[in-house]
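Here are the chains, one letter per residue:
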Amino acid sequence: MLEVRLATWNVNSALSRLPRLLPWLDERTPDVVCLQETKLSEEAFAESFAAPLAERGYAVAHFGEGRWNGVALLSRVGLDDVVRGLPDEPRFPAPDSPAEARAITATCGDLRVTSVYVPNGRTPDDPHYLYKLEWLGALRESVTVPATTIIAGDMNIAPTDDDLWDPSIFVNSTHVTPAERKSLAEIKGLGLHDVVRDRWPADRVFTYWDYRAGRFHKDLGMRIDLVLAGADPAGRVQAAWVDRKARKGTGPSDHAPVIVDLDTAPDGDIGPVVPPPSTPARLPHRS
């Protein structure tokens, strides 16, 4: 088995994040990286990233469509059997629409890794919400060997109310509906573990903070970026944490990377959020 540091990060435009992404790779030295919302075509991603990533030892697989979506896998431990998209995935807005660039899968060492950007859903009464549920069903069906599987990325679902800074704000919104959480639970029911929550069951952990209203500085966020791991990698986890530092400063994504260390923890068993917020707003009382 290879000692692996795996990370997932919704960069919210890879080109906009280029000045931050490359230094972050140098600082954190992840072996496998799942990126979401690259918002670049295949050609544009290669033009901007192929050379600097190769210099850092990464093999790269990207699935993009231009202005929207886009997912990538970077690996220094092998990148084989690449599959773009999901088998029998639904299309939106019509059955004959092109498949959106929301999933890419490859074998990285001894792991089968999928980088995912789950549809947002918009509102529960929008056709995009039904598309989201159908897409989650296709993701579940794509898992053929759960024991060695890792699904990592922006799930656009907060698994429980403990993953929200204020559940009352999200009533009648997507990300928290029973159907979405049931779909996520069915994926986990294949034998996948939410490794960050498993390691920090009672802690305040967020991965996304809206740009508006100073929510990051008040730590008013959501945990919607997940690493779901099968029995083999889940049993090897030595550290699992949110790299909040990458959300700070100038020109950040509205998401922070999630980092999981297998077999060894180069920085120690730190977490759950590094560095922790200095003056977080109080969370509403939860019974």
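The coordinates are above.
Along every chain, residues carry numbers that run from 1 in the direction the sequence is written. In keeping with the predicted nature of the model, local features appear solely for residues at pLDDT of at least 70, side-chain atom pairs appear and are counted solely at 80 or more, and the whole-chain, interface and lining totals rest on all residues. In computing side-chain properties, one takes all heavy atoms of the structure into account and sets aside hydrogens as well as water.

## Concerning unusual backbone geometry
So, point 1. Here the bond from Phe 92 into Pro 93 is cis, since omega is 10 degrees, no more than 30 degrees from zero.
So, point 2. Summarising the element assignment, Pro 93 is placed in the loop between strand E5 (80-84) and strand E6 (103-108).
So, point 3. Looking along the chain, the bond that leaves Val 274 and enters Pro 275 is cis, with omega of -10 degrees.
So, point 4. Residue placement: Pro 275 occurs in the segment after strand E13 (273-274).
So, point 5. Its identity as a non-glycine residue notwithstanding, Asn 12 has a phi of 50 degrees, on the positive side. The way it works is that DSSP assigns letters per residue, a run of H or I at least four long becomes a helix, a run of E at least two long becomes a strand, and they are numbered from the N terminus.

## Concerning the layout of surface pockets
So, point 1. Using only the protein atoms, space was sampled on a 1 Å grid; points where a 1.4 Å probe fits but cannot get out form cavities, open sets with protein on both sides within 12 Å along at least five of seven lines form pockets, and lining residues are those with an atom within 4 Å of a point. Grid points are joined across faces, edges and corners, and a volume is the space filled by probe spheres set on the points. The computed volume of the largest pocket comes to approximately 390 Å³.
So, point 2. Throughout, the ten residues Ala, Val, Leu, Ile, Met, Phe, Trp, Tyr, Cys and Pro are labelled nonpolar, Asp, Glu, Lys and Arg are labelled charged, and all others, Gly among them, are labelled polar. When the residues that make up the lining of the largest pocket are grouped by side-chain class, the tally is nine nonpolar, nine polar and seven charged.

## Looking at the environment of Phe 63
So, point 1. Within the secondary structure layout, Phe 63 lies in strand E3 (residues 59-63).
So, point 2. Judged by relative accessible area, which is 15%, Phe 63 ranks as buried.
So, point 3. Linking Phe 63 and Ser 75, residues 12 residues apart in sequence, is a C-alpha distance of 15 Å.
So, point 4. With sequence-adjacent residues up to four places away left out, Phe 63 is seen in contact with Glu 42, Gly 70, Val 71, Arg 84, Gly 85, Glu 100, Ala 101, Arg 102, Ala 103 and Ile 104. Each residue is placed in one exposure class: buried if its accessible area under a 1.4 Å probe, protein chains only, is under 20% of its type's maximum, exposed if it is over 50%, and partly exposed if it falls in between. Only heavy atoms enter the contact rule, under which two residues are in contact if any of them lie within 4.5 Å.

## A word on empty space enclosed by the protein
So, point 1. The full count for this structure, using the stated rule, is one cavity of 30 Å³ or more.
So, point 2. Within this model, the largest cavity holds a volume of roughly 30 Å³.
So, point 3. Lining of the largest cavity is provided by Leu 6, Ile 150, Val 195, Val 227, Ala 229, Pro 233, Val 237, Val 260 and Leu 262.
So, point 4. Counting only elements with at least two residues in the lining of the largest cavity, the list comes to strand E10 (225-229) and strand E12 (258-262).
So, point 5. Looking at side-chain class alone, the lining of the largest cavity contains nine nonpolar, no polar and no charged residues.

## Details of the nonpolar core
So, point 1. Residue types Ala, Val, Leu, Ile, Met, Phe, Trp, Tyr and Cys, when buried and joined through side-chain atoms within 4.5 Å, form a set referred to as a nonpolar core. If you look at the biggest cluster of nonpolar residues, it comprises 45 residues, and the most contacted ones within it are Leu 6, Val 113, Ile 150 and Val 227.
So, point 2. Once residues lying within four places of it in the same chain are set aside, the contact partners of Ile 150 are Leu 6, Leu 111, Arg 112, Val 113, Thr 114, Val 227, Leu 228, Ala 229 and Pro 233.
So, point 3. Ala 14, Trp 24, Leu 74 and Trp 241 belong to the second largest nonpolar core, which has 22 residues in total.

## Quick word on the packing of aromatic side chains
So, point 1. Aromatic pairs are defined between Phe, Tyr and Trp rings, using the six-membered ring for Trp, whenever the two ring centres lie within 6.5 Å; interplanar angles under 30 degrees are classed as stacked, those over 60 as edge-to-face, and all others as tilted. By the definition in use, this model includes four aromatic pairs.
So, point 2. Between Phe 45 and Phe 49, the ring centres sit 4.7 Å apart and the planes meet at 20 degrees, which makes this aromatic pair stacked. With Phe 45 and Phe 49 both in helix H2 (residues 42-55), this residue pair falls four residues apart, about one helical turn. The same class applies to Phe 45 as to Phe 49, namely buried.

So, to be careful, I would describe these as geometric facts and stop short of saying anything about function.
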